[in-house]
Amino acid sequence: MDHDNMHMPLPSPTMDHDNMHMPLPSPSSSMANHTKPHMMMHMTFFWGKNTQVLFSGWPGTSSGMYALCLVVIFFLAVIAEWLAHSPILRATGSTSRAAGLPQTAVYTLKTGLAYMVMLAVMSFNAGVFIVAIAGYGVGFLLFGSTAFKKPSEDPKTGELLPPSSGCVC
């Protein structure tokens, strides 16, 4: 391995940081038979469809696969938010261990999905970041906010409102 060409200059006050990219390490002699396309590892947010999210080679360079990637990340965030506001997680009536198992399973699934969204955002792709935030926002709007709940469904305000008599007058 040629160690003479592996040195990167340290940043100086006069250095142009806009054109500085961290190169991927060159393949070693044991990997000489395996050929993979070199992808740039971004350390700041960037725009573009040529990225790698969650899995090696996904979504690749295809516009259609990038769009699918954005849809998947959006729905992962919505589902994580749905699970976060699930009635199973907010159940307060039972204290048995049998009731705690489904609650733990839902919590674990929600946490796993949230970590997957976080790892996707760590690709530093601005489109992935935007759809992740949008997914969490839409998920909260649909499942966590009071925008689509009846007043009687909300345990905090249900006790404060007088019972409905059914009269429309």
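On a predicted model such as this, the values are computed, not experimentally measured, just so you know.

**Student:** I would appreciate a short explanation of the overall build of the protein in the present structure.
**Tutor:** Helix and strand counts for the protein come out as 4 helices and 2 strands. In the protein, the succession of helices and strands from N to C terminus is β-β-α-α-α-α. Here the analysis covers contacts within the protein between residues at least 6 apart in sequence; of these, 52% occur between residues at least 24 apart. Total accessible area computed for the protein in this model is approximately 12600 Å², and 67% of it derives from carbon and sulfur atoms.

**Student:** What exactly am I supposed to notice about the environment of Gly 139 here?
**Tutor:** Position of Gly 139 among the secondary structure elements: in helix 3 (residues 126–143). Classification of Gly 139 as buried rests on a relative accessible area of 0%. Along the sequence, Gly 139 and Trp 82 sit 57 residues apart, while their C-alpha atoms lie 6.0 Å from each other. Discounting chain neighbours no more than four positions away, the residues touching Gly 139 are Val 78, Glu 81 and Gly 144.

**Student:** Help me out: how do you make sense of the packing of aromatic side chains in this one?
**Tutor:** The geometry of two aromatic rings is summed up by the distance between their centres and the angle between their planes. Taken as a whole and judged by the stated rule, the model has 2 aromatic pairs. For the ring pair Phe 74 and Phe 75, a centre distance of 5.3 Å and an interplane angle of 85° mean the geometry is edge-to-face. According to the relative accessible area criterion, Phe 75 is partly exposed, its value standing at 45%. Measuring from centroid to centroid gives 6.4 Å for Trp 82 and Phe 143, while their planes differ by 55°, and the two rings are tilted. In this pair, Trp 82 is assigned in helix 1 (residues 63–84) and Phe 143 in helix 3, connecting sequence segments 61 residues apart. A relative accessible area of 47% means that Trp 82 is categorised as partly exposed.

**Student:** Help me out: how do you make sense of the confidence of the model for the protein in this one?
**Tutor:** Note that predicted coordinates carrying low pLDDT should not be read in detail. Averaged over all residues, the pLDDT of the protein is 74; the fraction at 70 or higher stands at 64%. Within the protein, no element has a lower average pLDDT than helix 4 (residues 155–158), which sits at 50, and none a higher one than helix 3, at 95. Within the model, pLDDT remains below 50 along residues 25–33, and this stretch shows 3 contacts once partners closer than five positions in the same chain are excluded. With pLDDT under 50 throughout, residues 157–169 is counted as low confidence; its partners more than four residues away or in other chains account for 4 contacts.

**Student:** What is the right way to look at a nonpolar patch on the surface in this model?
**Tutor:** Among the surface-exposed residues, Phe 45, Trp 47, Phe 129, Ile 130 and Ile 133 lie close enough to one another that they form a single nonpolar patch of about 570 Å² accessible area. By the element assignment, Ile 130 lies in helix 3.

**Student:** I keep staring at the nonpolar core and nothing clicks. Help me out?
**Tutor:** Considering soluble globular proteins, one finds that nonpolar side chains tend to be buried as a cluster. With 18 residues, the main nonpolar core has Val 53, Cys 69, Ile 73 and Val 128 as its most contacted residues. For this core, the secondary structure elements donating two or more residues are helix 1, helix 2 (97–121) and helix 3. Residue contributions to this core peak at 8 residues, all from helix 1. The contact partners of Val 53, leaving out residues within four places of it in the chain, are Trp 58, Pro 59, Cys 69, Ile 73, Ala 120, Ser 123 and Val 128.

Basis of the calculations
- Once a new chain begins, its residue numbering starts again from 1 and follows that chain's sequence as written.
- For this predicted model, a pLDDT threshold of at least 70 governs which residues receive local features, and a threshold of 80 or more governs which side-chain atom pairs are given and counted, while totals over whole chains, interfaces and linings are taken from all residues.
- The basis for every side-chain value is the complete set of heavy atoms in the structure, and neither hydrogens nor water enter the calculation.
- Here a strand is any run of E in DSSP of at least two residues, a helix any run of H or I of at least four, and the numbering for each starts at the N terminus.
- The contact definition used throughout considers only heavy atoms, calling two residues in contact when any of these lie within 4.5 Å.
- In these tables, accessible area is a Shrake-Rupley quantity obtained with a 1.4 Å probe, and a residue counts as shielded only by the protein chains included in the view.
- For each residue, the accessible area found with a 1.4 Å probe, counting protein chains only, is set against the maximum for its type, and the residue is called buried under 20%, exposed over 50%, and partly exposed in between.
- Stacked, tilted and edge-to-face are the three classes applied to pairs of Phe, Tyr and Trp rings, where Trp contributes its six-membered ring and a pair requires centres within 6.5 Å; stacked means planes under 30 degrees apart, edge-to-face means over 60, and tilted covers the rest.
- The predictor attaches a confidence to each residue, called pLDDT, with possible values from 0 through 100.
- Only residues whose relative accessible area exceeds 30% and that form no salt bridge are eligible for patches; like-charged ones are grouped when within 9 Å, while nonpolar side chains (Val, Leu, Ile, Met, Phe, Trp, Tyr) are grouped when within 5 Å.
- Basic side-chain nitrogens of Lys or Arg form a salt bridge, by our definition, when they fall within 4 Å of a carboxyl oxygen of Asp or Glu.
- Throughout, nonpolar core names a set of buried Ala, Val, Leu, Ile, Met, Phe, Trp, Tyr and Cys residues whose side chains join them through atoms within 4.5 Å.

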